[in-house]
Amino acid sequence: MQPIVIAKLGGQKVLVCYSVKDPFGAMSFEIKLNTVQGGVITLDVLMTDTVRELKSMLLEKHPSQDPIEREILKVELLHNSSIIDEAEALNSARFLGNESLVTVVYGRNEVEAAAQHDICTQGCFAVKIPSNVTSISEAAFQNSRQLVLLTIPESVSHIGNYAFQGCTSLASITLGESVAHIGYCAFRGCTSLTSITLGDSVSDIGVDAFQGCTSLASITLGDSVTHIGVDAFQGCTSLASIILGDSVTHIGDSAFQRCTSLASITWGDSVIHIGNCAFEGCSSLASITLGESVTHIGDSAFQRCTSLASITLGESVTHIGDSAFLGCSSLASITLGESVTYVGTLAFGGCTSLVSITMPESVADMSDYFVDSSVAIITIPARKRRKLRRNE
């Protein structure tokens, strides 16, 4: 440590304790800052540092454990209740005295705004939608890449198309209970979004609403959701589980396509229609039990679900589309209910572990259902009560 230096500032002697030089020759010294709670923060800084650099140091040292809160944390330095300019150097009189003249104030970088043009702030921030807003307009916050936290009040019933598309830092959403409609592409490409809970008023999830939200790990749908739109959760590669409410009747085409981590689906009792490619490429999905209400399984609905080992189909299923289970290489057996009237081309093609299947009498020609599969035994309970070999 260098010798103690006594400097004169404004006619008064000020004691400054200097330490070693940095590799570029800049002196470092110790400063003390007051906190609002009455404590003192002590830091070693360089003589060449500015308030801006000091604020960065203070943010790094803040003890908050919540990663989202840390993202939107802001800090101000006050002297006599006035904010100190970020360009000010730390070798000014108010930083050099034994008794600290500067107070540190931490807070949230949170703004109240109804659209992106209402925001005048720097760095990562949180948005609180004003309580008098009933509808978030189309593309209101589109590509607001530093938006981290979003609070939507009870007054909002409608989230417009593209409202938050491309908000790549958005990690957390709180939806009010009044939100009934989520427009298409509303949260598309929000790659930092980890979880969302939809209130009991949401009835419709639009096309591409959460497409490409690659960090989304779980979702709970309220009991009012009836329709999940085309591509709604397509490519949500971290999504591990889904709980479908008891009101969901329709799962749109490609709704959960390529959700490669999806291992668990809890089906409501109201699902009637599973769209084309709805769960295609969900390679972690190991088992499916469909509710009794399901009547239609679309083309390629479960294609390339390579971990799928078992399926239980309800007695209401009438239609199994083309390539519905194509490439489900772990599927060992399946029983089709008596209501099945149509099984599409290559419905079980490439199911290399499938050795037996139980099919109803109502299903016609089976010649192209099992191409490149290992099916050896087909049981048709209602016809002659016997088992058929594939070559019979």
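Scoring rules and cut-offs
Residues numbered from 1 in each chain as written. Predicted model: local features only at pLDDT ≥ 70, side-chain atom pairs only at ≥ 80, totals over all residues. Heavy atoms only, no water. Core = buried A, V, L, I, M, F, W, Y, C linked by side-chain atoms within 4.5 Å. Buried < 20%, exposed > 50% of the residue type's maximum accessible area, 1.4 Å probe, protein only. Helix = DSSP H or I, 4+ residues; strand = E, 2+ residues; numbered from the N terminus. Patch = residues over 30% accessible without salt bridge, like charges linked within 9 Å, V, L, I, M, F, W, Y side chains within 5 Å. Areas by Shrake-Rupley, 256 points an atom, 1.4 Å probe, with all protein chains shown as cover. Salt bridge = Lys/Arg side-chain N within 4 Å of Asp/Glu carboxyl O. Phe/Tyr/Trp six-rings, centres within 6.5 Å; stacked < 30°, edge-to-face > 60°. Arc of directions from axis to C-beta. Contact = heavy atoms within 4.5 Å. pLDDT = per-residue confidence, 0-100. Pairing = 2+ DSSP bridges.

Draft legend 1. Layout of the nonpolar core. Membership of the largest hydrophobic core comes to 87 residues, with the highest contact counts inside it found for I159 and F279. For this core, the elements supplying multiple residues, two or more each, are strand 10 (125–128) and strand 12 (147–151). Counting residues in hydrophobic clusters, the runner-up holds 17 residues, among them M47, L54, L96 and V102.

Draft legend 2. Representation of a nonpolar patch on the surface within the structure. Together, Y184, V207 and V230 line one region of the surface with nonpolar side chains, adding up to about 220 Å² of accessible area. With respect to the element layout, V230 can be found in the loop between strand 19 (227–228) and strand 20 (241–243).

Draft legend 3. Summary view of the packing of aromatic side chains. The final tally for this structure, using the stated rule, is 11 aromatic pairs. With a centroid separation of 5.3 Å and 5 degrees between ring planes, the pair formed by F141 and F164 is classed as stacked. Here F164 lies in the loop between strand 13 (158–159) and strand 14 (172–174) and F141 lies in the loop between strand 11 (135–136) and strand 12, a separation of 23 residues in the sequence. Relative to F348, the ring of F325 has its centre 5.4 Å away and its plane inclined at 5 degrees; by these criteria the two rings are stacked.

Draft legend 4. Spotlight on helix 1 (residues 51–61). Listing the buried residues of helix 1 in full gives V51, L54, K55 and L58. Along the axis of helix 1, the buried residues cluster in a sector spanning 100 degrees; they form a single face. Structurally, helix 1 contributes buried residues whose contacts are with strand 4 (27–35), strand 5 (40–46), strand 6 (73–79), helix 3 (93–96) and strand 8 (103–108).

Draft legend 5. Main features of the confidence of the model for the protein. Across the protein, pLDDT averages 85, with 86% of residues at or above 70. Per-element mean pLDDT across the protein ranges from 40 in strand 1 (residues 5–9) up to 97 in strand 25 (residues 296–297). A low-confidence stretch, residues 1–21 (pLDDT under 50), is modelled with 41 contacts involving residues beyond four sequence positions or located in other chains. Counted against residues more than four places away or in other chains, residues 383–392, with its pLDDT under 50, gives 22 contacts.

Draft legend 6. Quick look at the pairing of strand 8. With 2 bridges joining them, strand 4 and strand 8 adopt parallel strand pairing. Note on strand 8: the bridge partner recorded for T35 is V104. Sheet topology note: the strand 6/strand 8 ladder contains 6 bridges and is antiparallel. By the bridge assignment for strand 8, L73 is matched with R108.

Draft legend 7. Up close: the sheet that holds strand 17 (residues 204–205). Here 10 strands make up an open sheet; going across it, the order is 11-13-15-17-19-21-23-25-27-29 and the pairing parallel. The open sheet is flanked by strand 11 and strand 29 (342–343), the only strands paired with a single partner. Across 2 bridges, the pairing between strand 15 (residues 181–182) and strand 17 is parallel. When the bridges of strand 17 are listed, H181 appears paired with D204.

Draft legend 8. Molecular detail of unusual backbone geometry. Phi is positive for S81, which is not a glycine, with a value near 70 degrees. Here S81 lies in the loop between strand 6 and strand 7 (82–83). Despite not being glycine, S323 has its phi angle at roughly 60 degrees, a positive value. Relative to the helices and strands, S323 resides in the loop between strand 27 (319–320) and strand 28 (333–335).

Draft legend 9. The pairing of strand 5, seen in detail. As judged from the 7 bridges shared by strand 4 and strand 5, these two strands associate in the antiparallel manner. The residue of strand 5 that forms the bridge with E30 is D44. Here strand 4 folds back onto strand 5 in antiparallel fashion, the turn holding 4 residues, of which G38 has a positive phi close to 95 degrees.

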